[in-house]
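Single-letter residue listing:
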Amino acid sequence: MIDGPYFVLVVLGVVGTGLAAGVFCAFSTFVMRGLASLPPAQGVAAMNAINRAAVKPAFMLVFAGSAVLCAMIAVVTFVLWPEEGKAELLLGSALYLFGSFGLTVVANVPRNDKLLRMDPGTPEAAAYWPTYVREWTGWNHVRTVASAAATVVYALALT
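What counts and how
- Residues numbered from 1 in each chain as written.
- Predicted model: local features only at pLDDT ≥ 70, side-chain atom pairs only at ≥ 80, totals over all residues.
- Heavy atoms only, no water.
- Core = buried A, V, L, I, M, F, W, Y, C linked by side-chain atoms within 4.5 Å.
- Buried < 20%, exposed > 50% of the residue type's maximum accessible area, 1.4 Å probe, protein only.
- Helix = DSSP H or I, 4+ residues; strand = E, 2+ residues; numbered from the N terminus.
- Phe/Tyr/Trp six-rings, centres within 6.5 Å; stacked < 30°, edge-to-face > 60°.
- Axes fitted to C-alpha atoms, helices over the stretch in contact; angles between N-to-C directions.
- Parallel < 35°, antiparallel > 145°, perpendicular 65-115°, else oblique.
- Left-handed = near helix turned anticlockwise from the far one by under 90°.
- Contact = heavy atoms within 4.5 Å.
- Nonpolar A, V, L, I, M, F, W, Y, C, P; charged D, E, K, R; others polar.
- Polar contact = N/O pair within 3.5 Å; in protein donor to acceptor, adjacent residues only side chain to side chain.
- Expected span 1.5 Å × (residues − 1).
- Bend = angle between axes of the 7 residues up to and from the residue.

Draft legend 1. Just the nonpolar core, in detail. Ile 2, Tyr 6, Val 10, Ile 73, Leu 89, Tyr 96 and Tyr 154 are the most contacted members of the largest nonpolar core, which has 18 residues in total. Among the secondary structure elements, those contributing two or more residues to this core are helix H1 (4-36), helix H3 (57-80), helix H4 (86-116) and helix H5 (123-157). The dominant element in this core, judged by the number of residues it contributes, is H1, at six residues. Residues Val 44, Met 47, Met 118 and Tyr 132 belong to the second largest nonpolar core, which totals 13 residues.

As structure tokens, then:
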């Protein structure tokens, strides 16, 4: 059984990955649909505002803080090599670090940056908006599943 500071670290990993999964799930299930239903200029402007707000401490603490926790859990697991929960802890860390954090860096952020460089009222932005919504949301579905799966396998490691 995992105990002591290691237990606290894994519980924080469960909470952090679960919170990130919830944010991503909200975007996949209704936020992006709502934004996509707006005229392109309004959708682009709203998404750009969301993307600027997302890099503030409140969300970054959850998102990047969870990545740090997952990396710490992986390192501690390699050092301690526990009898129980080892596979779950390493899998949970990999799911979040690669399927959520890493995917954000290589798939979602470049699309956000491209959108942020566009003036919402331009024909270029209007033409890109449907592609952005489709691609960004598709990758966000993957982040949602990876974060939720990390939460589940971390929780399983505690049982």
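Having seen the model, we can carry on.
Draft legend 2. Expanded view of unusual backbone geometry. In this structure, Trp 81 is a non-glycine residue whose phi angle is positive, near 45°. Looking at the secondary structure, you find Trp 81 in the loop between H3 and H4. Note on Trp 81: relative accessible area 42%, which makes it partly exposed.

Draft legend 3. Structural view of the packing of aromatic side chains. A complete count under the given rule lists nine aromatic pairs for this structure. Geometrically, the ring pair formed by Phe 24 and Phe 63 is edge-to-face, given 6.1 Å between the ring centres and 80° between the ring planes. In this pair, Phe 24 is assigned in helix H1 and Phe 63 in helix H3, connecting sequence segments 39 residues apart. You'll find Phe 24 and Phe 63 in the same group, each marked buried. Residues Phe 78 and Trp 81 carry aromatic rings whose centres are separated by 5.8 Å and whose planes lie at 20° to one another, so their mutual orientation is stacked. One aromatic cluster is present, built from ring pairs that chain together Phe 24, Phe 59, Phe 63, Tyr 96 and Phe 101.

Draft legend 4. Inspection of the packing of H1 against H3 at higher detail. Running from amino to carboxyl end, H1 crosses H3 at an angle of 140°, the nearest separation of the two axes being 9 Å. Here H3 runs oblique to H1, going by the angle between their axes. Handedness of the H1/H3 crossing: left-handed. For the pair H1 and H3, contact is made by Tyr 6, Leu 9, Val 10, Leu 12, Gly 13, Gly 16, Thr 17, Leu 19, Ala 20, Val 23 and Phe 24 and by Phe 59, Val 62, Phe 63, Ser 66, Leu 69, Cys 70, Met 72, Ile 73, Val 76, Thr 77 and Leu 80, respectively. Of the residues belonging to the contact of H1 with H3, the class tally is 17 nonpolar, five polar and no charged.

Draft legend 5. Expanded view of the side chain of Ser 28. The topology assignment puts Ser 28 in helix H1. Here His 141 takes part through its side chain, which lies 2.8 Å from a polar atom of the side chain of Ser 28. Setting aside chain neighbours within four positions, we find Ser 28 in contact with Arg 33, Thr 137, Asn 140, His 141 and Thr 144.

Draft legend 6. Quick peek at H1. Between its first and last C-alpha, H1 extends 47 Å over 33 residues, near the 48 Å set by a 1.5 Å rise per residue. At Ser 28, H1 shows its strongest bend, of approximately 45°.

Draft legend 7. Region of interest: the packing of helix H2 (residues 40-54) against H5. Across the interface, H2 lies against H5 with an axial gap of 9 Å and an inter-helix angle of 55°. As judged from the angle between their axes, H2 and H5 are oblique. Crossing angle aside, the handedness with which H2 passes H5 is left-handed. Where H2 abuts H5, its residues Pro 40, Gly 43, Val 44, Met 47 and Asn 51 lie against Ala 125, Ala 126, Trp 129, Tyr 132 and Trp 136.

Draft legend 8. Molecular detail of the environment of Val 145. By the element assignment, Val 145 lies in helix H5. In this structure Val 145 comes out as exposed when scored by relative accessible area, which is 57%. Sequence separation between Val 145 and Glu 88 is 57 residues; the distance between their C-alpha atoms is 16 Å.

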